[in-house]
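Commentary on secondary and tertiary structure
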Amino acid sequence: MQELFSRHDVDVWRRHTAVGRVGLVPTMGSLHTGHMRLVEAARADCDTVIASIFVNPLQFGPEEDYDNYPHDYAGDYDQLKAAGVDAVFAPSVEAMYPRGLAAATFVEVPELTDILCGVHRPGHFRGVVSVVARLFNQIRPNAAFFGEKDFQQLAVIRRMADDLAMDIDVRGVAIEREADGVARSSRNAYLTGDQRERALALNRALNEAAVCIADGDRDFAAIERRGHARMTEAGFDVDYFEVRTAELDPPSVNKSNFRVLAAGWLGAARLIDNVAAPGTPVSAC
Ligand code: AMP
């Protein structure tokens, strides 16, 4: 597996390799089987797979966990190699932002970033979109793979690629869960044993809401209140519990394809999760 640490390395690699259709899997490292699902999807669709590992300072708020975010380059390298990844791109902050963070150019996606996680993490999506744009321009993939675990992030990146006419297929990959239903996340490492038990309530509350919607319940406000309460009872400091459409529009009775999304804090860990809640339109009014 080729190791690339700069834009120059990527250029040389691309020049000397018959890459064919290139799939990119962007990550922040500290890899788990959720990331590996993205790699599998990329391998199934592309001739060459490149994974990036970059903990992007510009997507963390001042009070967030940038300084403590877990790093394990050696472990990540082994997992990617074993999964058949062709190249890993692991730039330093200096390589990614050669003019310094204060001078960084940003890309903004309005509206979609003003809801859900965007309300609670100001500037987060601006940082994500801008680093993904840099990765896209440096690596020039034909397809890029993102997890549905970060459902809003996937929607925001699709919007950026579409609005800026980037010729890249942005693919979503289903959430990989632990045996009890908790979504795999690098941040689960922050949980104590007791918090890990309590974390179950997030997925349970989402599933409960999805069942109500599938059964025809369209009192979205009451569904959201119940989900919020379930999480609070389990000890979460809840950021949001919301029903949206799959496009992240507000729900209404004449819409279908709902998604229930939630985020909250358990101790030092901010956990997010979402589930699909298909449902058909109740009326055509
Ligand atoms: P991260 O390293 O947490 O920034 O995640 C990198 C990519 O992996 C993102 O597209 C995430 O949505 C995706 N990802 C993280 N955890 C999971 C999971 N449990 N299932 C599916 N995709 C995931």
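For the structure itself, look to the data block above.
Residues numbered from 1 in each chain as written. Predicted model: local features only at pLDDT ≥ 70, side-chain atom pairs only at ≥ 80, totals over all residues. Heavy atoms only, no water.

**What about the environment of glutamate 3?**
What counts, and what does not: Only DSSP runs of H or I covering at least 4 residues are called helices, and only runs of E covering at least 2 are called strands; the numbering of each starts at the N terminus. Pairs of residues are marked as contacts when any of their non-hydrogen atoms sit within 4.5 Å. Side-chain atoms alone can form a polar contact between residues adjacent in sequence; in general such a contact is a pair of N or O atoms within 3.5 Å, and within protein one must be able to donate a hydrogen while the other accepts it.
Its place among the elements puts glutamate 3 in strand S1 (residues 2-4). Residues glutamate 3 and tryptophan 13, spaced ten residues apart in sequence, show a C-alpha to C-alpha distance of 9.5 Å. The contact partners of glutamate 3, leaving out residues within four places of it in the chain, are Tyr73, Tyr77 and Val88. In this structure the side chain of glutamate 3 is engaged in a polar contact, spanning 2.5 Å, whose partner is the side chain of tyrosine 73.

**Regarding the nonpolar core**
For clarity, the cut-off: By convention a nonpolar core is built from buried Ala, Val, Leu, Ile, Met, Phe, Trp, Tyr and Cys residues, the set being connected through side-chain atoms within 4.5 Å. Relative accessibility under 20% of the residue-type maximum defines a buried residue, over 50% an exposed one, and the middle range a partly exposed one, all with a 1.4 Å probe and only protein chains included.
Counting residues in hydrophobic clusters, the biggest one holds 45 residues, and the most contacted among them are Ile50, Val132, Phe136, Ile139, Phe146, Met160 and Leu248. Within the residue set of this core, elements represented by two or more residues are helix H1 (7-16), strand S2 (22-27), strand S4 (87-89), helix H6 (124-139), strand S5 (143-147), helix H7 (151-163) and strand S8 (258-266). If you tally residues by element for this core, the top one is H6, at nine residues. With residues up to four places along the chain from it excluded, the contact list for methionine 160 reads Val107, Val109, Val129, Val132, Ala133, Phe136 and Met166. Counting residues in each nonpolar core, the second largest holds 27 residues, with Ala209, Ile213, Met231 and Ala234 among its members.

**What to know about the sheet that holds strand S7 (residues 237-245)**
Counted only if it meets this: The rule for pairing is simple: two strands pair if DSSP sees at least two bridges between them. Angles shown run from 0 to 180 degrees and are taken between the N-to-C directions of axes, each axis being a line fitted to C-alpha atoms and, for helices, limited to the stretch in contact.
Pairing is antiparallel in the open sheet, where three strands are placed in the order S7-S8-S9. Two strands close off the open sheet at either side, each with one partner strand: S7 and strand S9 (269-277). Direction aside, the axes of adjacent strands within the sheet are offset by 10° on average. Sheet strands touched by helix H9 (residues 220-233): S7 and S8. Its angle to S7, the strand with the most contacts, is close to 150°.

**Remarks on the pattern of salt bridges**
Any two side chains of opposite charge can pair if their charged atoms end up close together. To be explicit about the condition: By definition, a salt bridge exists where a carboxyl oxygen of Asp or Glu is found within 4 Å of a side-chain nitrogen of Lys or Arg.
Within the structure shown, the criterion is met by 21 salt bridges. The salt bridge partner of arginine 37 is glutamate 40, with a shortest N-O separation of 3.0 Å. Here glutamate 40 and arginine 37 lie together in helix H2 (residues 33-45), a separation of three residues that amounts to about one turn. Measuring nitrogen to oxygen at the nearest pair gives 3.0 Å for the salt bridge that ties aspartate 194 to arginine 198. Here the residue aspartate 194 and the residue arginine 198 both occupy positions in helix H8 (residues 193-214), the gap between them amounting to four residues, near one helical turn. Accessibility expressed as a relative area gives 47% for aspartate 194, which makes it partly exposed. Look at arginine 198 and you get partly exposed, because its relative accessible area is 34%. The network of salt bridges with shared partners includes Arg21, Asp45, Asp169 and Arg171.

**A short note on the site of the ligand**
This is how the line gets drawn: Throughout, the term near means that a residue has one or more heavy atoms lying within 4 Å of the molecule or strand in question. All accessible areas in this document rest on Shrake-Rupley with a 1.4 Å probe, and a residue is counted as covered only by the protein chains that are shown. Polarity classes work like this: nonpolar for Ala, Val, Leu, Ile, Met, Phe, Trp, Tyr, Cys and Pro, charged for Asp, Glu, Lys and Arg, and polar for all others, with Gly in that last group.
Not every one of the 17 residues close to the ligand is listed here, only the nearest: His35, Gly147, Asp150, Glu176 and Arg184. Contacts to the ligand include histidine 35, whose side-chain N or O atom sits 2.9 Å from an oxygen atom. Interatomic distance of 2.6 Å between a side-chain N/O atom of aspartate 150 and an oxygen atom of the ligand. Within the complex, 93% of the 480 Å² of free accessible area of the ligand lies under protein. When residues of the shell around the ligand are traced back to their parent elements, those giving at least two are S2, H2 and S5. A total of three residues in the shell around the ligand trace back to one element, the largest contributor, which is H2. Residues of the shell around the ligand, tallied by class, amount to seven nonpolar, six polar and four charged.

**Description of the packing of aromatic side chains**
Keep this limit in mind: Pairing of aromatic rings covers Phe, Tyr and the six-membered ring of Trp, with a centre-to-centre limit of 6.5 Å; geometry is then stacked below 30 degrees between planes, edge-to-face above 60, and tilted otherwise. Geometrically, a lysine NZ or arginine CZ counts as sitting over a ring once it is within 6 Å of the ring centre and also within 35 degrees of the ring normal.
Under the definition given, this model contains seven aromatic pairs. With a centroid separation of 6.5 Å and 65° between ring planes, the pair formed by phenylalanine 136 and phenylalanine 146 is classed as edge-to-face. Here phenylalanine 136 is found in helix H6, whereas its partner phenylalanine 146 is found in strand S5, with ten residues between them in sequence. Neither phenylalanine 136 nor phenylalanine 146 differs from the other in exposure class; each is buried. Joined through ring pairs, the aromatic side chains of Phe5, Tyr73 and Tyr77 make up one cluster. Above the face of the phenylalanine 106 ring, arginine 126 is positioned so that its terminal group lies 3.4 Å from the ring centre.

**Examining the pairing of S2**
The condition that has to hold: Crossovers are marked right-handed if the path from the first strand over the helix to the second runs clockwise, as seen with the strands pointing away from the viewer.
For S2, the tally of buried residues reaches six of six residues, placing the bulk of the element in the interior. Across six bridges, S2 lies against strand S3 (residues 48-53) in parallel orientation. Bridge pairing in S3 places valine 25 opposite alanine 51. In this fold, S2 hands off to H2, which returns the chain to S3; that crossover is right-handed. Strand direction decides the pairing type here: S2 and S5, joined by two bridges, are parallel. Along S5, the bridge assignment pairs glycine 23 with alanine 143.

Geometry only, nothing functional implied.
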